[in-house]
Number of protein chains: 2
Amino acid sequence: MLTERMKKWRHVFKLDPNRTLSEKSLEKVCTSGTDAVIVGGTDGITYQNSRDLIERIAEYPVESVQEISAESAVVPGVDGYLIPVVLNSGSLHWVLKAQHRAIRKYGDWIPWEDVAALGYVVLNPESKVGRLTESRTGVGTADLTAYGRLAEHLFRMPALYVEYSGMYGDEGMVRAARRGLKRSRLFYGGGISREDQARAMSREADTVVVGNLVYQNLEAALESVRWVKETESKGVSGDQGIN
Amino acid sequence: MLTERMKKWRHVFKLDPNRTLSEKSLEKVCTSGTDAVIVGGTDGITYQNSRDLIERIAEYPVESVQEISAESAVVPGVDGYLIPVVLNSGSLHWVLKAQHRAIRKYGDWIPWEDVAALGYVVLNPESKVGRLTESRTGVGTADLTAYGRLAEHLFRMPALYVEYSGMYGDEGMVRAARRGLKRSRLFYGGGISREDQARAMSREADTVVVGNLVYQNLEAALESVRWVKETESKGVSGDQGIN
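Residues numbered from 1 in each chain as written. Chains lettered and ligands numbered in written order. Predicted model: local features only at pLDDT ≥ 70, side-chain atom pairs only at ≥ 80, totals over all residues. Heavy atoms only, no water.

Chain A carries the name Heptaprenylglyceryl phosphate synthase in an unreviewed UniProt entry, which gives Kroppenstedtia guangzhouensis as its organism. The record in UniProt for chain A states the following under Catalytic activity (unreviewed entry): "sn-glycerol 1-phosphate + all-trans-heptaprenyl diphosphate = 3-heptaprenyl-sn-glycero-1-phosphate + diphosphate". (UniProt positions renumbered as here; feature names shortened; annotations may be inferred.)

If you want it as structure tokens, here you go:
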């Protein structure tokens, strides 16, 4: 079960099929000690570039999962599939319509035990994902706490993902999301480029996602595995899991 | 846990706080052998009329749950709360915005163990609920199967509710929803007024909801408990439950 395996994810890398990474760099990422590599991005994602990257990652023993942003890019045979549900989107498309359409299309072929919904709250209005999903980013801490409860109790999602995509986030907002969670995990992603940032968000979240840094400063990205894993999370959610 | 108790619901009555029911009739409904009484409706629902009806039902040993259609009408102390999520709504309001707002408002006070999300597919375009929720009723069997999978696997809902509100539905559509379900329960509601209809939908669904008939023909409504309970469901979902 992917939802079970996710409970052990403390640090994950997110690689973009639409960006270039040398074989040497990919090897370092995959053998860094990270817990999983998520393949996904916001634009320029195709079946071809997704499959290429997934096949290259498959050479290494690390768990790889595809985050589905377009039904046309789904690659069979990955270890798992993450289905984003953008809780603060301004469009039904990113909440359930795209997901419904993909499910209708792939029907019986979906290996549900290796599929997990990820409840996103996208908080950087300037980011591509923020614009694409028309996310309502002008939310407060009470909203974050309520999103946590919504994700955990109504939709029984294995994880809530506070996504600042490209920008280092507000620790208070991440903490607010945590207050809404008892068993679902809390993912944080966005703008981590330094040790202090990696450690700060590792204290708030269960799982820290490092993406852009791989392409901007590979050495720091590789170091982030240690920064995150050495830090203890203050949170209590995620221990019991909802699977 | 409400989600556990729901697994035993075969027949339920749905009573509308905005409609009148004599004490004698209410007694008959509550002592009919039905598995639960759901209190809820589409318009004219207030805290006052909801509380009045819930307090009257509390005189009887039957399980009573409130279906929340307006956050202002939530009555404390009921046995459980059902939170509708209208999967084919044309508006985010009925999918998660109203739910998010209510969760933000009630915060820590929500007894989550007695709360369950109900994934609705509203199929009668002429019904009040269809118009209010701007439901996309022009869907086919493949859509229904996909809604089942979406409800069970992505949102891990305890039940999918195929709602024909006021109109007897298409058994083929209910069967299509069933194909998408392995563990979540299948609820059917809408237009049951005769024995053959009650028995037909009892074969397709796990839980049959009888509403209007209480107000139109109480004797037939009371008989429907037996019609439903005597009939065996062909379905296999709901046995294992997702709680």
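Picking up after the structure, the text goes on.
(A) Up close: the sheet that holds strand 8 (residues 207–210) of chain A. Residue and element names in this part refer to chain A. Spatial ordering of the closed barrel is given by 1-2-3-4-5-6-7-8, a layout of eight strands whose pairing is parallel. When the angles between neighbouring strand axes are averaged without regard to direction, this sheet yields 30°. In the packing of helix 10 (residues 218–230) onto the sheet, the strands contacted are strand 1 (11–15) and strand 8, and the crossing angle to strand 1 comes to about 150°. (Pairing = 2+ DSSP bridges. Helix = DSSP H or I, 4+ residues; strand = E, 2+ residues; numbered from the N terminus. Axes fitted to C-alpha atoms, helices over the stretch in contact; angles between N-to-C directions. Contact = heavy atoms within 4.5 Å.)

(B) Seen up close, the relation of the copies chain A and chain B. Between chain A and chain B, which share one sequence, the superposing operator has a rotation angle of 180° and an axial displacement of 0.0 Å; the RMSD is 0.0 Å. On this basis, the relationship between the two copies can be described by a two-fold rotation axis. Taking C-alpha positions as the reference, the residue of chain A nearest the rotation axis is A:F155, at 2.1 Å. With an isologous cut-off of 70% or more, the 100% of interface residues of chain A that recur at the interface of chain B puts this contact in the isologous class. (Least-squares fit on C-alpha atoms with pLDDT ≥ 70 in both.)

(C) Geometry of the nonpolar core. Counting 128 residues, the largest nonpolar core has A:L87, A:F155, B:L87 and B:F155 as the members making the most contacts within it. Other than its neighbours up to four places away in sequence, A:F155 contacts A:L87, A:L150, B:V85, B:V95, B:L96, B:L154, B:F155, B:R156 and B:M157. (Core = buried A, V, L, I, M, F, W, Y, C linked by side-chain atoms within 4.5 Å. Buried < 20%, exposed > 50% of the residue type's maximum accessible area, 1.4 Å probe, protein only.)

(D) A look at the side chain of B:H100. By the secondary structure assignment, B:H100 is in helix 4 (residues 97–106). Judged by relative accessible area, B:H100 falls into the buried class, the value being 7%.

(E) Main features of the pairing of strand 7 (residues 185–189) of chain A. Residue and element names in this part refer to chain A. Burial within strand 7 is extensive, with five of its five residues counted as buried. With burial as the criterion, each face of strand 7 is covered, one bearing R185, F187 and G189 and the other bearing L186 and Y188. Both strand 6 (residues 159–163) and strand 7 contribute to a ladder of five bridges, which runs parallel. Bridge pairing links A159 to R185 in strand 7.

(F) Here's a closer look at the interface of chain A and chain B. If you look at the interface, chain A gives 33 residues, while chain B gives 33 residues. With both chains or domains summed, chain A and chain B bury close to 3,100 Å², and 67% of this area falls on carbon and sulfur atoms. Taken as a group, A:L154, A:F155 and A:R156 account for 24% of the area that chain A buries against chain B, more than any other trio of residues on that side. At the surface where chain A touches chain B, the tally comes to four salt bridges. Its salt-bridge partner being B:R149, residue A:D108 comes within 2.4 Å of it at the nearest N-O pair. Joining chain A to chain B, the criterion identifies seven residue pairs in polar contact (both at pLDDT 80 or more). Listed by contribution, the elements that provide at least two residues to the side of chain A that touches chain B are strand 4 (80–86), helix 4 (97–106), strand 5 (115–122) and helix 6 (141–154) of chain A. Among the residues making up the side of chain A that touches chain B, the classes are represented as 19 nonpolar, nine polar and five charged. (Buried area = accessible area lost by both parts, 1.4 Å probe. Salt bridge = Lys/Arg side-chain N within 4 Å of Asp/Glu carboxyl O. Polar contact = N/O pair within 3.5 Å; in protein donor to acceptor, adjacent residues only side chain to side chain. Nonpolar A, V, L, I, M, F, W, Y, C, P; charged D, E, K, R; others polar.)

(G) Structural context of unusual backbone geometry. Phi is positive for A:E134, close to 50°, though the residue is something other than glycine. Of note, A:E134 is situated in the loop between helix 5 (128–132) and helix 6.

(H) Looking closely at the environment of B:A151. Residue and element names in this part refer to chain B. With respect to the helices and strands, A151 occurs in helix 6 (residues 141–154). Overall, A151 belongs to the buried group, its relative accessible area being 0%. In this structure, A151 is in contact with L87, R156, M157 and L160, ignoring residues within four places of it in sequence.

(I) A look at the packing of aromatic side chains. All names here are of chain A. Enumeration over the complete set of coordinates arrives at eleven aromatic pairs over all chains. Ring centres of Y161 and F187 lie 5.8 Å apart, and the angle between their planes is 40°; this geometry places the pair in the tilted category. Residue Y161 is found in strand 6, and its partner F187 is found in strand 7; the two are separated by 26 residues along the sequence. According to the relative accessible area criterion, F187 is buried, its value standing at 0%. Members of the aromatic cluster, each reached through a chain of ring pairs, are W9, Y120, Y161 and F187. (Phe/Tyr/Trp six-rings, centres within 6.5 Å; stacked < 30°, edge-to-face > 60°.)

(J) Just the sheet that holds strand 7 (residues 185–189) of chain B, in detail. Residues and elements named next belong to chain B. Here eight strands make up a closed barrel; going around it, the order is 1-2-3-4-5-6-7-8 and the pairing parallel. Mean inter-strand twist for the sheet, computed between neighbouring axes without regard to direction, equals 30°. In terms of strand pairing, strand 7 meets strand 8 (residues 207–210) through three bridges, oriented parallel. Within strand 8, the residue paired with F187 across the bridge is T207. Strands in contact with helix 3 (residues 47–57) are strand 1 (11–15), strand 2 (36–39) and strand 3 (64–67); relative to strand 2, the strand with the most contacts, it is inclined by about 170°.

(K) Seen up close, the pattern of salt bridges. Residue and element names in this part refer to chain A. Here the structure, examined in full by the defined rule, presents 46 salt bridges over all chains. Two residues, D35 and K229, come together in a salt bridge whose shortest N-O distance is 2.6 Å. Highlighted residues: D35 in the loop between helix 2 (23–30) and strand 2 (36–39) and K229 in helix 10, separated in sequence by 194 residues. A relative accessible area of 39% means that K229 is categorised as partly exposed. Several salt bridges converge on common partners, so that one network encompasses E195, R199, E223, R226 and E230.

(L) Molecular detail of helix 2 (residues 23–30) of chain B. All names here are of chain B. By the burial criterion, the buried members of helix 2 are S25, L26, V29 and C30. Down the axis of helix 2, the buried side of the element spans an arc of 130°, and every buried residue falls inside it. Where helix 2 is buried, its residues contact strand 1, strand 2, helix 3, helix 9 (212–216) and helix 10 (218–230). (Arc of directions from axis to C-beta.)

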